[in-house]
2 protein chains.
Amino acid sequence: MDPDTAILTSWHANAANWIATIDHDEISSRVLVTNAAIVQTVLSYPIQSILDIGCGEGWLTRALQAQGKQAFGVDAVPALIENAIEKGGDYYAVASFRDIATGVYTASQPFDAAVINFALLDKEETELLLQHIRMVVRPDGYLFIQTLHPLVIAGQQPYATGWKEGSWNGMKRTFVQPYQWYFRTIADWVKLFSGAGLTILQLEEPVHPETKAPMSLIFVLQVMQE
Amino acid sequence: MDPDTAILTSWHANAANWIATIDHDEISSRVLVTNAAIVQTVLSYPIQSILDIGCGEGWLTRALQAQGKQAFGVDAVPALIENAIEKGGDYYAVASFRDIATGVYTASQPFDAAVINFALLDKEETELLLQHIRMVVRPDGYLFIQTLHPLVIAGQQPYATGWKEGSWNGMKRTFVQPYQWYFRTIADWVKLFSGAGLTILQLEEPVHPETKAPMSLIFVLQVMQE
């Protein structure tokens with residue numbers, strides 16, 4: 001099975017596990033640091049409308065709506081979108097990165113921004129999405145990406161871009177069908193952004209409140225005029 | 001003694017030690033990885049003239065000249081500039097970051113680029129220099145910065161911007177008057193660049209050839225039109 005198919009297949013299979021994990025706040029890094037970090041970073045920019053890409057069960061879309069934003073969420077996994085609609089109303093649609101990049105998914109007008117929270121897990125579909133982010137974000141609009149901090153990996157594995165094991169490590173519940181995910185060094189993230197016409201405005205490295213270890217990396221990018 | 005004075009005082013005091021260290025290739029990370037990395041990165045851009053800021057005894061200026069570039073070096077330590085001139089001719093001048101930023105140091109015309117190789121050791125003078133890099137680099141010109149990779153520190157100390165000990169650690173010779181140096185997280189480097197009107201074009205993370213551990217960070221920046 002190619003890695004992209006494996007990723008989505010696993011998420012389909014684990015949808016209920018994932019919903020329960022989020023509902024019960026079982027990922028402590030999210031509760032302690034990274035949920036607040038992405039919300040605060042988004043709110044610090046002049047944005048009205050925002051598309052939450054890979055929104056899952058919708059927590060971030062709801063959080064941004066609670067702060068007065070016109071937020072809308074898309075995800076490739078129907079069971080997650082069903083759950084998001086149950087929780088928060090009809091502000092969600094089923095769409096993959098490819099659907100967005102190719103215009104299969106369309107919005108009535110481009111958003112001021114898009115946010116992708118820990119949802120860039122592969123190589124090709126990520127590149128496709130970023131290269132075509134203008135399909136959903138207006139010129140001079142923003143793109144927020146939160147991803148695992150490379151430092152978290154680098155202690156245990158060679159610091160090199162490539163596919164890595166360990167997708168469901170640390171989960172409390174029994175997740176099935178682990179998949180490989182595509183790790184990028186910071187240099188390779190930067191190369192990806194340059195190639196996609198995205199300018200880096202800001203970088204955040206949210207840290208653990210006690211150990212001060214960096215937990216994630218947030219890139220704030222601007223979608224340049226073509 | 002304020003930290004900036006301490007840095008320059010230490011370098012003045014250790015000039016002969018430093019020259020011997022470089023002459024004898026005693027810093028293995030430089031020999032193995034980082035010297036080549038900065039030279040190759042600079043050469044991959046369309047540059048004719050380049051200012052080596054904090055050039056020390058001049059190895060990088062000489063290396064770039066050997067590759068056909070019009071390279072010129074400046075350093076605040078007279079003993080190092082004397083040695084550079086002895087080795088490579090009259091392509092060097094004594095100048096501090098402040099001299100550059102305030103126009104005390106002037107070139108006949110702006111350079112296509114500047115390179116700062118492991119010479120950004122403090123807080124204030126670094127900020128001043130970067131904010132005024134247009135004094136020596138033309139609009140749309142390049143700025144190359146190589147610095148210790150934050151990962152190298154983060155294993156041993158909290159990952160937080162601030163003054164750190166350990167300036168002469170790992171040297172073979174007995175260096176005197178250790179000073180504190182100013183560590184920045186990657187996020188804070190990015191904030192510094194944004195604030196100075198510098199766009200990130202590329203990021204390199206040269207790694208150790210066997211362990212693949214990242215040894216340094218190279219930023220390639222573009223000096224935006226004002």
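The structure reproduced in this document is the subject of the present report.

Conventions and cut-offs
- Residues numbered from 1 in each chain as written.
- Chains lettered and ligands numbered in written order.
- Predicted model: local features only at pLDDT ≥ 70, side-chain atom pairs only at ≥ 80, totals over all residues.
- Heavy atoms only, no water.
- Least-squares fit on C-alpha atoms with pLDDT ≥ 70 in both.
- Contact = heavy atoms within 4.5 Å.
- Core = buried A, V, L, I, M, F, W, Y, C linked by side-chain atoms within 4.5 Å.
- Buried < 20%, exposed > 50% of the residue type's maximum accessible area, 1.4 Å probe, protein only.
- Pairing = 2+ DSSP bridges.
- Helix = DSSP H or I, 4+ residues; strand = E, 2+ residues; numbered from the N terminus.
- Axes fitted to C-alpha atoms, helices over the stretch in contact; angles between N-to-C directions.
- Buried area = accessible area lost by both parts, 1.4 Å probe.
- Salt bridge = Lys/Arg side-chain N within 4 Å of Asp/Glu carboxyl O.
- Nonpolar A, V, L, I, M, F, W, Y, C, P; charged D, E, K, R; others polar.

Describing the relation of the copies chain B and chain A
Now for step 1: Screw-axis analysis of chain B against chain A gives a translation of 0.0 Å along the axis, an RMSD of 0.0 Å, and a rotation angle of 180 degrees. The symmetry that links the two subunits is that of a two-fold axis.
Now for step 2: Mapped onto chain A, 100% of the interface residues of chain B are again interface residues, and the two copies thus contact each other with one and the same surface.

Let's talk about the nonpolar core
Now for step 1: Ranked by size, the top nonpolar core spans 106 residues in total, and within it A:Ile53, A:Leu130, A:Ile133, B:Ile53, B:Leu130 and B:Ile133 carry the most contacts.
Now for step 2: Not counting residues within four places of it along the chain, the set of residues in contact with B:Leu130 comprises B:Ile116, B:Leu120, B:Leu143, B:Ile145, B:Leu192, B:Phe193, B:Ala196 and B:Leu198.

Here we look at the sheet that holds strand S1 (residues 49-53) of chain B
Residue and element names in this part refer to chain B.
Now for step 1: Read from one edge of the open sheet, seven strands run S3-S2-S1-S4-S5-S9-S8, paired in mixed fashion. Lying at the two open borders of the sheet, with one neighbouring strand each, are strand S3 (92-94) and strand S8 (198-204). For this sheet, the mean inter-axis angle between neighbouring strands, taken without regard to orientation, is 20 degrees.
Now for step 2: As paired strands, strand S5 (residues 137-148) and strand S9 (residues 216-223) are joined by seven bridges and run antiparallel to one another.

Some points on the interface of chain B and chain A
Many descriptions give the size of an interface as the accessible area lost when the pieces come together.
Now for step 1: Each side of the interface is counted separately: chain B has 20 residues, and chain A has 20 residues.
Now for step 2: Where chain B abuts chain A, roughly 1,500 Å² becomes buried across the two surfaces, and 69% of that area is made up of carbon and sulfur atoms.
Now for step 3: It is B:Leu151, B:Tyr159 and B:Glu205 that lose the most area in chain B upon contact with chain A, and together they represent 33% of the buried surface on that side.
Now for step 4: For the interface between chain B and chain A, the tally reads zero salt bridges.
Now for step 5: Looking at the side of chain B that touches chain A, the elements that each hand over two or more residues are helix H8 (150-154), helix H9 (186-195) and S8 of chain B.
Now for step 6: Top contributing element to the side of chain B that touches chain A by residue count: S8(B), with six residues.
Now for step 7: Class assignment of the residues belonging to the side of chain B that touches chain A gives a composition of twelve nonpolar, five polar and three charged.

Worth remembering: the numbers are spatial, not functional.
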